[in-house]
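Here is how the chains run, residue by residue.
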Amino acid sequence: MTAINQSGWRPTTPAQGGNAAPTFTGNKALMLEEPLIFEIGGSETSGVEIAPPATNVNRLGGLARSAPIGLPGLSEPETVRHYTRLSRQNYAIDLGLFPLGSCTMKHNPRLNEKMARLPGFADVHPLQPIDTVQGALEVIQQLAHWLVTLTGMHSVAMSPKAGAHGELCGILAIKAALEKRGEGHRKVILVPESAHGTNPATAAFAGFSVEDIPADADGRVDTAALKARLGPDVAGVMITNPNTCGLFERDLKTISEAVHAAGGYVYCDGANFNAIVGRVRPGDLGVDAMHINLHKTFSTPHGGGGPGSGPVVFSERLTPFAPLPFVEKQGDHFVLVEEETAQDHHADSFGRMTAFHGQMGMFTRALTYILSHGADGLRQVAEDAVLNANYVLRSLDDVLDAPFAASGPCMHEAIFSDRGFAEGFSTIDVAKALIDEGFHPMTMYFPLVVHGAMLVEPTETESKATLDQFIGALRSVAERARAGDETLRTAPHFAPRSRLDETLAARKPKLVWQEPETAAVAAE
Ligand SMILES: *Cc1c(COP(=O)(O)O)cnc(C)c1O
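Residues numbered from 1 in each chain as written. Predicted model: local features only at pLDDT ≥ 70, side-chain atom pairs only at ≥ 80, totals over all residues. Heavy atoms only, no water.

1. Topic: the layout of surface pockets
Taken as a whole, the largest pocket spans an internal volume of roughly 740 Å³. Contributing to the lining of the largest pocket are 24 residues, with Gln89, Tyr91, Ile435, Pro441 and Ala495 lying nearest its centre. For the lining of the largest pocket, the element with the highest residue contribution is helix 11 (residues 427-436), accounting for four residues. The class makeup of the residues in the lining of the largest pocket is 14 nonpolar, five polar and five charged. (1 Å grid on protein atoms, 1.4 Å probe; cavity = no way out; pocket = protein on both sides within 12 Å on 5 of 7 lines; lining within 4 Å. Points joined across faces, edges and corners; volume = space filled by probe spheres on them. Helix = DSSP H or I, 4+ residues; strand = E, 2+ residues; numbered from the N terminus. Nonpolar A, V, L, I, M, F, W, Y, C, P; charged D, E, K, R; others polar.)

If you want it as structure tokens, here you go:
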């Protein structure tokens with residue numbers, strides 16, 4: 001193993017008890033400090049200098065602006081450097097391992113990007129005549145076919161734009177189905193304690209009341225408690241599988257049968273399909289609706305590099321209520337069905353999730369990924385994701401408490417707790433010290449069922465060498481937490497900023513720059 005700093009962390013600056021002098025610039029070698037753009041370029045200067053044309057005739061009358069607009073004036077190189085320096089302060093999947101659990105931060109293959117940039121895909125407009133976008137519709141239809149086949153379900157709605165948006169789509173279909181049956185009074189959605197936070201939020205947003213179902217000692221849904229709560233007021237259940245403890249819900253089939261017998265529907269949160277794709281078909285487990293995150297399982301970029309895409313697969317009984325539009329092949333022609341008709345299979349559609357058809361760029365990337373792996377390759381994806389997570393789990397369970405280690409192998413993510421740390425040390429100290437080690441921290445304090453949880457999802461795209469480096473770093477930091485190393489409490493020491501008040505920053509963000517004098521006057 002290529003260990004980075006096996007001997008442990010060494011202080012370097014005076015603040016850390018070391019002897020390196022602070023630099024004149026505040027920069028730390030190639031780690032550059034960067035002020036705000038307003039602090040670099042004053043609003044009284046301009047990045048370009050063009051003399052006013054001699055023939056200028058002002059036609060604005062009294063509407064001409066009299067005060068300067070207040071934008072910072074920077075030259076082109078200053079502007080380019082500002083944004084390039086800022087971009088270097090970002091951590092990204094192209095830079096290193098991103099162990100965030102429940103996020104599946106896997107590599108985004110460059111082939112996907114190449115295909116998405118083909119002008120025939122990149123430049124299409126949703127209002128173009130259908131005859132001119134046959135190729136794009138074929139991509140949507142082929143991807144839809146793969147998703148339906150891989151999940152063993154009946155149909156798919158392609159338009160939802162994220163996992164949470166897909167949950168809403170599935171729950172709205174369940175609501176429409178209940179109303180059609182004259183059972184709109186079923187208002188309770190059961191959600192296990194170990195569910196992703198978006199599940200209860202979605203159910204509440206759609207007008208249902210949410211009731212928790214406890215987890216059993218080995219981290220899975222307490223099936224007996226769930227069955228006991230079923231009844232004529234229950235609309236359905238939302239179950240994450242594999243769940244957020246990184247475990248497969250082995251009883252899902254039994255649960256589905258019980259829920260159906262009691263008149264409810266089964267929503268499965270399939271964001272973690274990565275761990276079972278090619279191995280398990282949710283349709284065989286009695287699932288009625290499930291979203292798939294293309295930005296997780298099928299390697300399209302997340303967030304800033306996104307946008308996301310969360311298609312929802314439906315069982316036969318929910319298909320009539322699925323949203324519009326959908327792509328259909330008629331002869332050798334692809335059509336976009338925009339309105340429900342009594343004869344078609346979306347006869348009771350609840351409506352639309354989006355104005356148009358969904359995230360075309362993500363469809364192209366996901367289909368590229370699927371075709372470049374093939375059916376056998378996708379199965380390998382799941383197996384390797386599970387193998388990598390178990391490698392992390394078993395490599396660290398002597399220094400980190402692994403609460404479900406006795407429940408058998410994990411799925412795509414390994415979960416640890418803060419048990420065994422010295423008094424006063426917590427998960428955040430370990431996460432912050434990982435930044436010093438050059439890694440993005442793992443997911444912390446989630447799921448809530450584990451005290452001081454650390455959820456690590458390496459994904460299948462990491463090599464053994466990278467995993468070994470990460471394991472070495474986490475082992476070293478965990479040993480410091482067990483030993484009560486005080487320097488851990490103020491980590492990170494090498495990042496541009498140390499411990500920020502993240503709650504304050506999120507709740508009261510300062511979004512408007514104020515000139516220092518104005519700010520000083522305002523404060524008086
Ligand atoms: C990521 C995730 C979601 C939410 O997906 P978004 O695309 O971020 O809205 C929901 N459930 C689980 C289990 C997830 O991992």
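2. With respect to the pattern of salt bridges
This model, assessed by the stated rule, comprises 26 salt bridges. The salt bridge involving Arg186 is made with Glu183; its shortest N-O contact spans 2.5 Å. (Salt bridge = Lys/Arg side-chain N within 4 Å of Asp/Glu carboxyl O.)

3. Observations regarding helix 5 (residues 134-151)
Taking 1.5 Å per residue as the helical rise, helix 5 with its 18 residues ought to reach 26 Å, and the 26 Å between its terminal C-alpha atoms agrees with that figure. Looking one or two residues beyond helix 5, the residue adopting positive phi is Gly152, at roughly 65°. (Expected span 1.5 Å × (residues − 1).)

4. Notes on empty space enclosed by the protein
In this structure the tally under the stated criterion is four cavities of 30 Å³ or more. Considering only enclosed or pocket space, the largest cavity measures out at about 50 Å³ in volume. Forming the boundary of the largest cavity are Cys245, Leu247, Leu393, Ala402, Phe404, Ala405, Gly408, Cys410 and Ile415. When its residues are assigned to classes, the lining of the largest cavity shows eight nonpolar, one polar and no charged.

5. Comments concerning the environment of Phe363
Tracing the sequence through the fold places Phe363 in helix 10 (residues 360-396). Linking Phe363 and Phe298, residues 65 residues apart in sequence, is a C-alpha distance of 9.6 Å. Beyond its immediate chain neighbours, meaning those up to four positions away, Phe363 contacts Val139, Ile140, Leu143, Met158, Leu294, Ser309, His357 and Gly358. (Contact = heavy atoms within 4.5 Å.)

6. Things to note about the site of the ligand
Near the ligand, the surroundings consist of 14 residues, among which Ser102, Gly163, Asp269, His295 and Lys296 are the closest. Here a nitrogen atom of the ligand and a side-chain polar atom of His196 are 3.3 Å apart. About the coverage of the ligand: the protein hides 85% of its 390 Å² of free accessible area. The dominant element in the shell around the ligand, judged by the number of residues it contributes, is helix 6 (residues 163-180), at three residues. When grouped by side-chain class, the residues that make up the shell around the ligand number three nonpolar, eight polar and three charged. (Near = heavy atom within 4 Å. Polar contact = N/O pair within 3.5 Å; in protein donor to acceptor, adjacent residues only side chain to side chain. Areas by Shrake-Rupley, 256 points an atom, 1.4 Å probe, with all protein chains shown as cover.)

7. Quick notes on the nonpolar core
In terms of nonpolar packing, the biggest core is built from 55 residues, with Leu143, Leu147, Leu226 and Phe298 touching the most fellow members. Breaking this core down by element, the ones donating at least two residues are helix 5, strand 2 (188-192), strand 4 (234-240), helix 9 (252-261), strand 5 (265-269), strand 9 (333-337) and helix 10. Of all the elements, helix 10 adds the most residues to this core, at ten residues. Setting aside its immediate chain neighbours within four residues, Leu143 contacts Met158, Leu294, Phe363, Ala366, Leu367 and Ile370. Membership of the second largest hydrophobic core comes to 32 residues, among which are Leu396, Leu400, Val477 and Ala491. (Core = buried A, V, L, I, M, F, W, Y, C linked by side-chain atoms within 4.5 Å. Buried < 20%, exposed > 50% of the residue type's maximum accessible area, 1.4 Å probe, protein only.)

8. Some details on the side chain of Thr459
Note on placement: Thr459 falls in the loop between strand 12 (454-456) and helix 12 (464-483). At a separation of 3.0 Å, a polar atom in the side chain of Thr459 contacts the side chain of Thr461. Ignoring anything within four residues of it in the chain, the contact list for Thr459 reads Thr104, Met105, Lys106, Ala385 and Asn388.

9. Regarding helix 9
Three or more residues of helix 9 are buried, namely Leu252, Ile255, Ser256, Ala258 and Val259. Seen from one end, helix 9 has its buried residues packed into an arc of 165°, which puts them on one side. The inward-facing, buried residues of helix 9 abut helix 8 (223-229), strand 4 and strand 5. Backbone geometry just after helix 9 places Gly263 at a positive phi near 90°. (Arc of directions from axis to C-beta.)

10. Let's talk about the sheet that holds strand 6 (residues 289-291)
Strand order in the open sheet formed by seven strands is 1-7-6-5-4-2-3, with mixed pairing between adjacent strands. The open sheet has two edge strands with one neighbour each: strand 1 (155-157) and strand 3 (209-213). Taking the axes of each pair of neighbouring strands and ignoring which way they run, one obtains an average angle of 25° across the sheet. Here strand 4 runs beside strand 5; their pairing, made up of five bridges, is parallel. Bridge pairing in strand 5 places Val237 opposite Val266. Running over the sheet, helix 6 touches strand 1, strand 2, strand 4, strand 5, strand 6 and strand 7 (312-314) and is turned about 175° from strand 5. (Pairing = 2+ DSSP bridges. Axes fitted to C-alpha atoms, helices over the stretch in contact; angles between N-to-C directions.)

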